[in-house]
Amino acid sequence: MSNKLAIIVPAYNEEKVLNHSVGVLEDILLKLQRQNKIDDQSYLLIIDDGSTDQTWAIVQKLSKNSLVNVKGIRFSRNFGHQNAIWAGLMQAKEDADLTITIDADLQDDSKMIPKMVDQYLAGNQIVYGVRNNRDSDSFFKRESANMFYKLMNLLGVKIIPNHADFRLMTVKAVNLLSQYHERQLFIRGLIPQLGLSTSKVDYKRQKRIAGESKYTIQKMLDLAWNGITLFSTSLLKVPTILGGEFLLLGTVLLLEHAVWKHSISMNLISLWIIGGAILLSLGIIAEYVGKTFNEIKHRPRYLVAERTDNNE
Ligand code: UDP
Ligand code: MG
């Protein structure tokens with residue numbers, strides 16, 4: 001096995017950190033190569049997500065004069081972090097054996113990379129980087145993240161708490177991932193669905209060394225909303241539940257009026273009954289919308305983990 005590693009780095013306007021980060025990652029790759037844990041052809045793959053600063057010029061320079069192989073892909077405009085990671089993974093699966101995705105600002109602790117490789121060498125197909133300490137995040141970011149993971153759990157979505165996109169995946173895992181054809185991506189929600197052998201490394205999230213966060217509040221909310229709506233249709237049950245309750249209440253009021261002769265306005269009773277019936281009807285439509293939504297994602301029906309040699 002050649003163990004060719006591709007470290008995938010999405011970068012959007014990261015001119016202030018890129019040279020430093022690539023230097024750090026280069027040292028890690030060289031050390032792993034010296035220890036014969038990874039192939040000498042292992043490389044860094046930087047995805048420039050439509051930067052408007054000097055990021056691409058830096059990538060081009062690094063690709064010419066670095067100690068390890070540095071490759072770059074430049075998007076025509078900003079397509080977002082998830083698409084940048086996806087592009088990197090799909091490119092790397094063509095020639096690498098294993099991939100690690102890590103943010104350009106190295107807030108995800110790059111010192112964990114050798115540990116991830118060790119866990120890969122021990123037979124794991126996926127190694128999650130899990131932030132066990134978010135002191136370096138703002139109060140808002142920390143609390144909103146906590147709320148998000150609780151909500152996802154409540155909605156029954158399988159997701160690894162405090163894991164973003166710092167992750168090792170073998171090419172086998174990336175090949176399975178590539179069978180998911182949806183356009184709207186929330187990659188960390190798809191990985192637990194692959195069903196391969198996994199492990200995790202804990203790390204303390206670092207402070208950004210320079211530059212500002214490129215994840216605006218809007219981008220963060222979009223990502224969280226995507227996570228909720230792409231992986232759960234539970235919210236579509238809200239009209240059914242409300243409609244059922246309104247209808248029940250209306251019926252009880254009607255009975256009180258008709259049987260027990262309590263004086264209740266018929267206007268009020270019809271409001272509950274009609275409102276309940278409308279909501280319930282919406283709930284029925286929502287059931288079909290949910291089914292259609294799941295259908296058009298074209299997610300694979302099953303994923304093959306192994307085959308015997310003679311049935312290829
Ligand atoms: N990023 C990207 N496209 C975007 C926004 C961010 O490729 O539209 C990259 C960014 O360059 C970094 C990673 O995604 O490598 C995480 O972004 P950032 O560090 O700004 O987010 P935060 O750590 O503050 O959540
Ligand atoms: Mg960051």
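To be clear, the structure that these remarks concern was listed above.
Residues numbered from 1 in each chain as written. Chains lettered and ligands numbered in written order. Predicted model: local features only at pLDDT ≥ 70, side-chain atom pairs only at ≥ 80, totals over all residues. Heavy atoms only, no water.

Asks: Sorry if this is basic, but what is going on with the overall build of the chain here?
Replies: Helix and strand counts for the chain come out as ten helices and seven strands. Its C-alpha atoms give the chain a radius of gyration of 25 Å, more than 25% over the compact-globule value 20 Å for 312 residues. For the chain, the spread of C-alpha atoms along the three principal axes comes to 90 × 55 × 35 Å. When the 312 residues of the chain are sorted by exposure, 45% land in the buried category. Summarising the internal contacts of the chain: among those between residues at least 6 apart in sequence, 81% fall at separations of at least 24. For the chain, the exposed area adds up to about 16800 Å²; of that, 57% sits on carbon and sulfur atoms. Each charge class in the chain was averaged separately, 37 positive and 32 negative side chains, and the resulting centres sit 2 Å apart. (Helix = DSSP H or I, 4+ residues; strand = E, 2+ residues; numbered from the N terminus. Rg over C-alpha atoms; globule rule 2.2 N^0.38 Å. Buried < 20%, exposed > 50% of the residue type's maximum accessible area, 1.4 Å probe, protein only. Contact = heavy atoms within 4.5 Å. Areas by Shrake-Rupley, 256 points an atom, 1.4 Å probe, with all protein chains shown as cover. Lys, Arg positive; Asp, Glu negative; His and termini not counted. Charge placed at Lys NZ, Arg CZ, Asp CG, Glu CD.)

Asks: Whenever I open this one, the coordination of the magnesium ion (ligand 2) confuses me. Can you help?
Replies: Six octahedral donors around a metal ideally make angles of 90 or 180 degrees; four tetrahedral donors ideally make 109.5 degrees. At 2.0 Å from the magnesium ion (ligand 2) lie its protein donor atoms, namely Asp105 (OD) and Gln107 (OE1). Assessed through its relative accessible area of 5%, Asp105 is described here as buried. Given the relative accessible area of 10%, Gln107 is considered buried. (Donors = N, O, S within 2.8 Å, 3.2 Å for Na, K, Ca; no water.)

Asks: Would you explain the site of ligand 1 in this entry?
Replies: Residues in close proximity to ligand 1 total 19 residues, the closest being Glu14, Asp49, Asp105, Ser213 and Lys214. Interatomic distance of 2.9 Å between a backbone N/O atom of Tyr12 and an oxygen atom of ligand 1. Here an oxygen atom of ligand 1 sits 2.8 Å away from a polar atom, N or O, in the main chain of Ala104. Summarising the interface, the protein chains cover 96% of the accessible area of ligand 1, which totals 530 Å² for the free molecule. The class makeup of the residues in the shell around ligand 1 is five nonpolar, five polar and nine charged. (Near = heavy atom within 4 Å. Polar contact = N/O pair within 3.5 Å; in protein donor to acceptor, adjacent residues only side chain to side chain. Nonpolar A, V, L, I, M, F, W, Y, C, P; charged D, E, K, R; others polar.)

Asks: How should the packing of aromatic side chains be read in this particular structure?
Replies: In this description, a pair of aromatic rings is defined by centroid distance and the angle of the planes. Counting across every chain of the model gives six aromatic pairs. Measuring from centroid to centroid gives 5.4 Å for Phe166 and Tyr203, while their planes differ by 85°, and the two rings are edge-to-face. With Phe166 in the loop between α5 (139-154) and β6 (167-170) and Tyr203 in strand β7 (residues 198-204), this pair connects stretches of sequence that are 37 residues apart. Of the residues examined, Tyr203 reaches a relative accessible area of 2% and is grouped as buried. Three or more aromatic residues joined by ring pairs make a cluster, and in this case those are Phe148, Tyr149, Phe186 and Phe231. Above the ring of Tyr43, the side-chain terminus of Lys71 is found at 3.9 Å from the ring centroid. Taking the ring centre of Phe231 as reference, the NZ or CZ of Arg299 above it sits at 4.6 Å. (Phe/Tyr/Trp six-rings, centres within 6.5 Å; stacked < 30°, edge-to-face > 60°. Lys NZ or Arg CZ within 6 Å of the ring centre and 35° of its normal.)

Asks: I'm lost on helix α2 (residues 55-64) in this one. Help?
Replies: Working note: α-helix, 3.6 residues per turn, so residues spaced by three or four point in the same direction. Among all positions of α2, only Thr55, Trp56, Ile58, Val59 and Leu62 are buried. End-on view of α2: buried residues confined to an arc of 155°, all on one side of the axis. In α2, the exposed residues that point more than 90 degrees away from the buried face are Lys61 and Lys64. In the core, the buried residues of α2 are packed alongside β1 (5-11), α1 (18-34), β2 (43-48) and β3 (69-74). (Arc of directions from axis to C-beta.)

Asks: Sorry, what's going on with the environment of Gln193 here?
Replies: In this fold, Gln193 is placed in helix α7 (residues 187-194). On the basis of relative accessible area, Gln193 is assigned to the partly exposed category, the value being 34%. The contacts of Gln193, once residues within four sequence positions are left out, are Tyr180, Phe231, Arg299 and Leu303.

Asks: Help me understand the pattern of salt bridges, please; the structure alone is not making it clear to me.
Replies: Two side chains bearing opposite charge may form a pair once their charged atoms approach each other closely. Applying the stated rule across the entire model yields 16 salt bridges. In this structure, Lys37 and Asp118 form a salt bridge, with 2.9 Å as the shortest nitrogen-oxygen distance. Of the two residues, Lys37 is situated in the loop between α1 and β2 and Asp118 in helix α4 (residues 113-121); the sequence distance between them amounts to 81 residues. Note that Asp108 and Arg131 form a salt bridge whose closest N and O atoms lie 3.9 Å from each other. Within this pair, whereas Asp108 is found in the loop between β4 (98-101) and α4, its partner Arg131 is found in strand β5 (residues 126-133), the two being separated by 23 residues in sequence. Residue Asp108 is classed as buried on the basis of its relative accessible area of 1%. Taken together, the shared-partner salt bridges in this structure form one network comprising Glu14, Asp105, Arg208 and Lys214. (Salt bridge = Lys/Arg side-chain N within 4 Å of Asp/Glu carboxyl O.)

Asks: Where do I start with the nonpolar core in this structure?
Replies: Here is a general trend for soluble globular proteins: nonpolar side chains tend to be buried in one another's company. Grouped together as the largest cluster of nonpolar side chains are 41 residues, with contacts concentrated most on Leu89, Phe148, Met169, Leu177, Phe186, Ile191 and Leu194. Counting only elements with at least two residues in this core, the list comes to β1, β2, α3 (81-92), β5, α5, α6 (171-177), α7 and α8 (217-231). Ranked by residue count, the leading element in this core is α3, at six residues. (Core = buried A, V, L, I, M, F, W, Y, C linked by side-chain atoms within 4.5 Å.)

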